[in-house]
Amino acid sequence: MRPVELEDDDPGPRDAAPPAGRSSSQRAAAQPGDAGRRGWGVRRGRRGRGERTTVVELDDDPATAHTADVDPADIDATDIDAADADGAGQGRDQGPGRRHRGRWFVVGGAAVLVVGAVVAQHVLDERREARATRFDDVPGVLLPLDGPPRMRDDVRFEALYAPVQVGGVLLVHRAVPDSRTTARVEALDRATGDIVWRRDLAVPPALETLVREDLEPLDVTCRPLGTQAAACVVTTGTVFAGSGVDDLLVVLDATDGTVLEQRDLGAAGWTTSGTSIVTADPGRDPLRPERELWTVQSRVGTGPRAGTLEWTWTADEPLDRDAPTYTTGQAIDVLGDRILLTPLDAPWWLLDTSGALVAQGELAEGEFAALARGGVVMVSPVLGSDLNDGALVVGDRRVEAGWVTRASVDDGTAPDVTFTVRQDGAAVSVHAWDAATGDALWDRTVLSPDPLVLDGRVYLLGAGGTVAAVDARTGEEVWSASAGDFASWLATDGRRVLALGTSDRVRALDLDSGARVWEGTVPGAEYGLWPTGGVLAAPESGLERPALVVARP
């Protein structure tokens, strides 16, 4: 590197001392003949108003030398000192240009930090939203309640458990004025109770004849097909055994009431599984009607392939009976990925949702079978003396476990755990069992036998008026909190546990911690608040004509 030469237009000695504060190495860098070092030449001059300074960075290679006109105020001894320190700044860019670049680096870094903070906050917000809404599509979960809901006294149902939840609406059956042969399905907004749509369905001629002979009005049963559609079966109010008349099956779009499919249904029992319609029917030999050969079929419920057969299962052996068996929808049941076929006074068969046989068993005279969580079958006498008569069928043995209790809200977590309820005098307890082995896991004394199952936890209302969240598998308590002296059962909006009872009061506890979030009353609900179909209902005395309780006015 060439030596640095300082030229000053102002009068004064050319060998003036360098500025104070410079190190010996810095002073050496400014001396002539000190080859191999980089230095700074500062040429001062006057140009117009004020003083301008030209900073020249010199190098042995002229091609690499560069200059910059800057204001003297922008030259800081600290900048120069830093450049020459530590070996006179060998191998580094130095000077005002570096300082300006540093400033841009600081600004750019700050911008990166700001953008990063915004992105991080957005991710956190999305995670919070995802956590808050993670249970919104679980059947039975209420709409979010940030305070006490309101009763719609003008919106009532025929029975407490009549409403059927399908996505954001409730489907209810209404009578059609001045018509016995038309069925009406009405969809109500779950949030407000307002009518979303109304669909009138005329019954076929053969079914109409039976309807006119019947003393009871038409019966309509609807079940969800996912969250966007529903299957509704229209039949007579009285079962006419051996009439040979099919019921009417109608598939409705839950968003607007459009009829997606309509056909006759001659099955002895039916239900829905996901978006499929599952039917069960005892096929008969025309020459020997006492012989039944049960068949289960699954058909596509919605979409372009609606009605298409997905699979068929048929029992290996026919059943010999003195007379044909006539059943209702109780012959078949679905829970999770299991389908239980249990005709009256017949063996039971357990299938999966692809139509494969999983298990089967015999029933003693006077016994019935029921489907429990985890794909377990419970058998019990039809006229059981108490809640302790039920037994779980696990492999080739029966485990005396009590009666099956299904969770009122169940997101499907901890699928290997099933629940029963037992009674000891006045005390009622919920028992958890390993669904694969039949081993007892834990039990707790409760006031309400219907648990909530969410995210691997079971929420129970204890006999002492305490809500407890426990691990579904181990029974270990996660938190407990007072439910108040009015609580008789629980509900949830997916964010809070709601303690309800036979009064107009409600208390909301945080789902994760048990902390009390809010508490209040629902005027008019003097006989209590009851969860049904993903909403709350406030019945009159005797649980009759319940009114809808809505999240928003």
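The text that follows walks through the structure, step by step, so that each part is easy to find. Note that the structure is predicted; figures quoted are calculated from it, not measured.

Some thoughts on the side chain of Arg184
Consideration 1: As for its position among the elements, Arg184 is in strand β7 (residues 182–189).
Consideration 2: Assessed through its relative accessible area of 15%, Arg184 is described here as buried.
Consideration 3: Side-chain polar atoms of Arg184 contact the side chain of Asp200, separated by 2.7 Å.
Consideration 4: Residues contacting Arg184, with those up to four places away along its chain left out, are Val172, His173, Arg174, Ala175, Val176, Pro177, Arg198, Arg199 and Asp200.

Some thoughts on the sheet that holds strand β38 (residues 516–521)
Consideration 1: Ordered by their spatial adjacency, four strands build an open sheet running β35-β36-β37-β38, and the pairing between neighbours is antiparallel. Strands at the two margins of the open sheet, each flanked by one partner only, are β35 (487–492) and β38. The sheet shows a mean angle of 20° between the axes of neighbouring strands, taken without regard to direction.
Consideration 2: Taken together, the four bridges between strand β36 (residues 496–501) and strand β37 (residues 505–510) define a ladder with antiparallel strand orientation. Within the sheet, the bridge partner assigned to Ala499 lies in β37 and is Arg507.

So, the pairing of β7
Consideration 1: The buried count for β7 comes to seven of eight residues, which makes it a mostly enclosed element.
Consideration 2: Relative to strand β8 (residues 195–202), β7 runs antiparallel, the two being bridged by seven bridges. Paired with Arg184 across the strands is Asp200, a residue of β8.
Consideration 3: Here β7 folds back onto β8 in antiparallel fashion, the turn holding five residues, of which Gly193 has a positive phi close to 85°.

Definitions and cut-offs
Residues numbered from 1 in each chain as written. Predicted model: local features only at pLDDT ≥ 70, side-chain atom pairs only at ≥ 80, totals over all residues. Heavy atoms only, no water. Helix = DSSP H or I, 4+ residues; strand = E, 2+ residues; numbered from the N terminus. Buried < 20%, exposed > 50% of the residue type's maximum accessible area, 1.4 Å probe, protein only. Polar contact = N/O pair within 3.5 Å; in protein donor to acceptor, adjacent residues only side chain to side chain. Contact = heavy atoms within 4.5 Å. Pairing = 2+ DSSP bridges. Axes fitted to C-alpha atoms, helices over the stretch in contact; angles between N-to-C directions.

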